[in-house]
Amino acid sequence: MKIGVFDSGMGGLSVANAVRNAFPADEVLFVNDSEHMPYGLKTPEQLLKLSLPLLSKMQADGCQVIVIACNTLTTTVISELRNKLSVPLVAVEPMVKPAATITQSKTIAVCATPATLQSKRYSQLKRDYAQGVCVLEPDCSNWAEMIEKNQIDSQQIADTVNSVISAGADVIVLGCTHYHWIEEDIKKLAGDKAVVLQPEKAIIDRLARTIEQLV
Ligand code: DGL
């Protein structure tokens with residue numbers, strides 16, 4: 001089985017590593033578009049134009065399933081991508097539902113790119129699953145780029161985490177795969193005040209089910 005993993009940049013690499021660990025016998029092709037990242041500051045039209053040729057090439061190169069390891073792409077253009085490609089796409093989106101289910105304080109924080117936070121899909125997730133829950137959306141607009149360039153501003157991250165915890169959040173959702181690289185820092189900052197959620201396990205489970213249907 002040839003499994004593709006796609007993202008704008010380094011975020012997808014954390015997911016590709018998780019996929020490689022979970023499926024050691026399979027070939028994993030990781031492709032990114034670092035030249036055009038950050039995706040989180042682009043429009044849906046731009047995102048489709050940039051990602052479709054790269055995903056079509058992955059399909060042509062024999063990927064039998066592709067993980068869209070990018071919340072930004074999933075929440076903005078996943079339907080268009082599914083319409084244009086014949087390969088199954090495993091998508092990732094902010095874990096609003098699990099966060100809303102486990103919060104005790106009825107306050108959650110979703111850290112994600114501006115494009116994700118502005119997307120219709122994300123609004124729908126909140127409407128469907130987070131009625132009666134206060135959803136904080138701290139400004140993380142420069143996080144993906146600082147992680148991509150390995151120029152992490154620890155103070156900014158600490159200020160963001162501390163502010164959402166002070167505002168009562170007991171769950172912090174990592175709604176951008178780039179943030180997986182700073183998961184441990186965020187967990188340390190959150191301590192026992194907030195649970196940090198990221199979707200790698202859910203992606204692996206979904207991928208396993210998709211592969212089962214293919215073989
Ligand atoms: N890693 C991507 C995501 O999950 C996007 C980062 C970016 O290029 O802005 O949303």
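This report concerns the structure included in the present document.

What counts as what
- Sequence positions are assigned chain by chain, starting from 1 and proceeding in written order.
- The model is predicted, so local features are restricted to residues of pLDDT at least 70 and side-chain atom pairs to those at 80 or more, both for listing and for counting; the totals for chains, interfaces and linings are taken over all residues.
- With hydrogens and water stripped out, all remaining heavy atoms of the structure feed into the side-chain values.
- Remark: nonpolar core denotes a set of buried residues (Ala, Val, Leu, Ile, Met, Phe, Trp, Tyr, Cys) joined through side-chain atoms within 4.5 Å.
- Between buried and exposed lies partly exposed: a residue is buried under 20% and exposed over 50% of the maximum accessible area for its type, with that area taken using a 1.4 Å probe on protein chains only.
- Here a strand is any run of E in DSSP of at least two residues, a helix any run of H or I of at least four, and the numbering for each starts at the N terminus.
- Throughout, a contact is declared for two residues whenever any of their heavy atoms are within 4.5 Å.
- In short, DSSP must find at least two bridges between two strands for them to pair.
- Only the contacting stretch of a helix is used when fitting its axis, a line to C-alpha atoms as for every element, and angles between N-to-C directions run 0 to 180 degrees.
- Put simply, the grid is 1 Å and covers the protein atoms alone, a cavity is a trapped set of points that fit a 1.4 Å probe, a pocket is an open set with protein on both sides within 12 Å along at least five of seven lines, and lining residues have an atom within 4 Å of a point.
- Grid points are joined across faces, edges and corners, and a volume is the space filled by probe spheres set on the points.
- Each residue receives one of three labels: charged for Asp, Glu, Lys and Arg, nonpolar for Ala, Val, Leu, Ile, Met, Phe, Trp, Tyr, Cys and Pro, and polar for the others, Gly being one of them.
- The cutoff for a nearby residue is simple: one of its non-hydrogen atoms must lie within 4 Å of the molecule or strand.
- What qualifies as a polar contact is a pair of N or O atoms within 3.5 Å, subject to a donor-acceptor requirement within protein and to the restriction that residues adjacent in sequence count only when both atoms come from side chains.
- A pocket or cavity is taken to hold a molecule when more than half of that molecule's atoms are within 2 Å of the pocket's grid points.

Ranked by size, the top nonpolar core spans 23 residues in total, and within it W143, I157, I172, Y179, I182 and I186 carry the most contacts. Among the secondary structure elements, those contributing two or more residues to this core are β5 (107–111), α7 (143–148), α8 (154–166), β7 (171–174) and α9 (183–190). Each residue touching I157, except ones within four places of it in the same chain, is listed here: W143, M146, I152, I182, I186 and L189. If you look at the next biggest cluster of nonpolar residues, it comprises 19 residues, including L52, L55, L73 and L85.

In spatial order, the strands read β6-β5-β7-β8; together these four strands make up an open sheet with parallel pairing. Two strands bound the open sheet, and with one partner strand each, they are β6 (134–136) and β8 (195–197). Each neighbouring strand pair of the sheet contributes to a mean axis angle of 25°, computed without reference to strand direction. One ladder, built from three bridges, connects β5 with β6; its direction is parallel. Directly across from A109, in β6, lies its bridge partner L136.

What follows covers the layout of surface pockets. Considering only enclosed or pocket space, the largest pocket measures out at about 400 Å³ in volume. Around the largest pocket sit 18 residues that line it, and A91, V92, E93, A202 and R206 are the ones nearest its centre. Secondary structure elements with two or more residues in the lining of the largest pocket: α3 (71–84), β4 (89–91), α4 (96–102), α6 (120–129) and α10 (200–214). A class-by-class count of the residues in the lining of the largest pocket yields 13 nonpolar, one polar and four charged. Lining the second largest pocket are 15 residues, with P44, T75, T76, S119 and K120 positioned closest to its centre. Residue assignment for the lining of the second largest pocket shows that the elements contributing at least two residues are α3, α5 (114–118) and α6. By residue number, the principal contributor to the lining of the second largest pocket is α3, which donates seven residues.

What follows is about the site of the ligand. Taken together, 14 residues are adjacent to the ligand, and S8, Y39, G40, T72 and H178 come closest. Take S8: an N or O atom from its side chain is 2.6 Å from an oxygen atom of the ligand. Y39 is positioned with one of its backbone polar atoms (N or O) 2.6 Å from an oxygen atom of the ligand. Judged by the fraction of its atoms near the pocket grid, the ligand is located in the largest cavity. The class makeup of the residues in the shell around the ligand is six nonpolar, seven polar and one charged.

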